Amino acid sequence: MRQQIIAGNWKMHTNLAEATILVEGLKKALAEAKTEREVVVCPPFTGLSTVCDLADETTIRVGAQNMHYEVSGAFTGEVAPTMLTDLGCHYVILGHSERRQYFGDTDELINKKIKAAFANDIVPILCVGESLEQREANETQAFIDSQLEQGLVDLTAEQVGQMVIAYEPIWAIGTGKTATAEQAGEVCTAIRKKVASLFGADAAEAVRIQYGGSVKGSNAKEILSQADIDGALVGGASLKVEDFMAIITA
Ligand code: 13P
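Summarised in this report is the structure supplied together with it.

The rules behind each value
Residues numbered from 1 in each chain as written. Predicted model: local features only at pLDDT ≥ 70, side-chain atom pairs only at ≥ 80, totals over all residues. Heavy atoms only, no water. Helix = DSSP H or I, 4+ residues; strand = E, 2+ residues; numbered from the N terminus. Rg over C-alpha atoms; globule rule 2.2 N^0.38 Å. Buried < 20%, exposed > 50% of the residue type's maximum accessible area, 1.4 Å probe, protein only. Arc of directions from axis to C-beta. Contact = heavy atoms within 4.5 Å. Near = heavy atom within 4 Å. Polar contact = N/O pair within 3.5 Å; in protein donor to acceptor, adjacent residues only side chain to side chain. Areas by Shrake-Rupley, 256 points an atom, 1.4 Å probe, with all protein chains shown as cover. Nonpolar A, V, L, I, M, F, W, Y, C, P; charged D, E, K, R; others polar. Core = buried A, V, L, I, M, F, W, Y, C linked by side-chain atoms within 4.5 Å. Pairing = 2+ DSSP bridges. Right-handed = clockwise from strand over helix to strand, strands pointing away. Axes fitted to C-alpha atoms, helices over the stretch in contact; angles between N-to-C directions. Parallel < 35°, antiparallel > 145°, perpendicular 65-115°, else oblique. Left-handed = near helix turned anticlockwise from the far one by under 90°.

## Considerations on the overall build of the protein chain
Phase 1: A count of helices and strands for the protein chain gives twelve helices and eight strands.
Phase 2: Since a compact globule built from 250 residues should have a radius of gyration of about 18 Å, the 17 Å found for the protein chain is in line with a globular shape.
Phase 3: Principal-axis analysis of the C-alpha atoms gives the protein chain an extent of 45 × 45 × 35 Å.
Phase 4: Taking all 250 residues of the protein chain together, the buried fraction comes to 53%.

## Observations concerning helix α2 (residues 45-55)
For the α-helix, the turn length of 3.6 residues means that residues three or four positions removed from each other point alike.
Phase 1: Within the sequence span of α2, burial applies to Gly47, Leu48, Val51, Cys52, Leu54 and Ala55. All buried residues of α2 project into a common sector of 160 degrees when viewed along the axis, lining one side. Within α2, the exposed residues directed more than 90 degrees away from the buried face are Thr46 and Asp53.
Phase 2: Buried residues in α2 make contact with α1 (16-33), β2 (38-42), β3 (61-64) and α3 (81-87).
Phase 3: A positive phi of about 60 degrees marks glutamate 57, the residue just after α2.

## Observations concerning the side chain of aspartate 230
Phase 1: Positionally, aspartate 230 belongs in the loop between α11 (217-224) and β8 (231-234).
Phase 2: Setting aside its immediate chain neighbours within four residues, aspartate 230 contacts Arg2, Gln3, Gln4, Ile5, Arg192, Val207, Arg208 and Ile209.

## Considering the site of the ligand
Phase 1: In the vicinity of the ligand, 13 residues are found, and the nearest of them are Lys11, His96, Gly174, Ser214 and Gly236.
Phase 2: One of the side-chain nitrogen or oxygen atoms of asparagine 9 is found 3.0 Å away from an oxygen atom of the ligand.
Phase 3: Note that an oxygen atom of the ligand is positioned 2.8 Å from one of the side-chain N or O atoms of histidine 96.
Phase 4: When the ligand is considered free in solution it has 310 Å² of accessible area, and contact with the protein chains removes 95% of it.
Phase 5: Across the shell around the ligand, the residue classes break down as four nonpolar, seven polar and two charged.

## What to know about the nonpolar core
Phase 1: Counting 67 residues, the largest nonpolar core has Leu26, Leu84, Ile114, Met163, Ile191 and Tyr211 as the members making the most contacts within it.
Phase 2: It is helix α9 (residues 181-199) that contributes the most residues to this core, seven residues altogether.
Phase 3: Among the nonpolar cores identified, the runner-up in size contains twelve residues, and Ala7, Val40, Ile93 and Val164 belong to it.

## Some words on the pairing of β8
Phase 1: Neither face of β8 is open: one carries Gly231 and Leu233, the other Ala232 and Val234, and all of them are buried.
Phase 2: Of the pairings in the sheet, the one linking strand β1 (residues 5-9) to β8 comprises four bridges and is parallel in character. Bridging from a neighbouring strand, alanine 7 pairs with leucine 233 of β8.
Phase 3: Both strand β7 (residues 208-212) and β8 contribute to a ladder of two bridges, which runs parallel. Considered in β8, the bridge of glycine 212 is made with leucine 233.
Phase 4: Handedness of the β-α-β unit built from β7, α11 and β8 comes out right-handed.

## A closer look at the sheet that holds β7
Phase 1: Strand order in the closed barrel made by the eight strands is β1-β2-β3-β4-β5-β6-β7-β8, with parallel pairing throughout. In this sheet, adjacent strand axes meet at a mean angle of 25 degrees when their direction is disregarded.
Phase 2: Bridge analysis of β3 against strand β4 (residues 91-94) gives two bridges, and the strand direction is parallel. The residue bridging alanine 64 from the neighbouring strand is valine 92, located in β4.
Phase 3: Sitting on the sheet, α2 is in contact with β2 and β3, with an inclination near 170 degrees to β3.
Phase 4: Sheet contacts for α9: β5 (123-128), β6 (164-167) and β7; angle to β6, the most-contacted strand, approximately 145 degrees.

## What to know about the packing of helix α7 (residues 140-151) against α9
Any two packed helices are characterised by the angle at which their axes cross and by the distance between the axes.
Phase 1: At a closest axis distance of 10 Å, the pairing of α7 and α9 adopts a crossing angle of 45 degrees. By the criterion of interaxial angle, the relationship of α7 to α9 is oblique. As α7 runs across α9, the sense of the crossing is right-handed. Judged by residue contacts, Thr140, Gln141, Ile144, Asp145, Leu148 and Glu149 of α7 engage Val187, Ala190, Ile191, Lys194 and Leu198 from α9.
Phase 2: Grouping the amino acids of the contact of α7 with α9 by side-chain chemistry returns six nonpolar, two polar and three charged.

Next up, the structure:
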């Protein structure tokens with residue numbers, strides 16, 4: 001059985017004081033709520049150290065939102081995988097559509113980062129997803145297949161089984177427009193099939209697939225009840241304890 005995973009992508013939000021209040025609130029709420037689901041928070045780099053300390057010895061796991069593929073070097077402004085593990089980071093989001101769109105992250109670069117994550121004991125959360133134009137042109141599946149083919153090049157079946165794939169349709173991110181549970185479920189099923197064809201049935205059975213894009217308390221239950229959806233990657237609604245908890249406990 002795959003444990004469901006609810007991850008909060010804080011994007012470029014929260015200063016240290018806000019991050020502290022958010023994690024402290026989450027710790028308190030989780031202690032009372034009890035959930036079978038794994039809970040992950042992904043603060044900006046500046047908040048990672050503090051959040052890792054606050055989450056230490058709790059069930060909350062911490063992820064980064066990006067990283068470089070080299071462990072050190074002359075790469076001004078970049079953060080190495082070893083710097084993340086040094087803090088206690090467990091996950092890293094890679095290939096988010098905002099990184100692809102605004103910072104030029106290509107499938108090839110993302111693939112290098114995924115390999116670097118595994119080489120450094122960090123679990124990658126690989127984001128894939130189509131634009132509105134692609135959906136309307138019926139190109140959703142072909143596009144996501146190609147993101148998977150290129151993003152997962154040279155990985156082993158065992159590695160793929162350990163990672164998380166987040167299906168985030170670009171048109172549903174931060175727009176309030178959610179894919180219907182059926183639409184989301186359909187693509188996640190197709191992603192699992194694609195993983196099976198590339199890496200075999202065991203990897204496909206083990207890999208956890210999240211949906212992301214305007215997930216909130218009111219739609220989480222239906223989305224999370226889809227057979228091939230194993231969790232959610234949450235942006236806006238992860239910035240308030242109450243809203244995030246509504247998804248975690250949905
Ligand atoms: P929203 O939940 O704000 O739509 O963001 C989704 C997302 O991009 C998570 O990575």
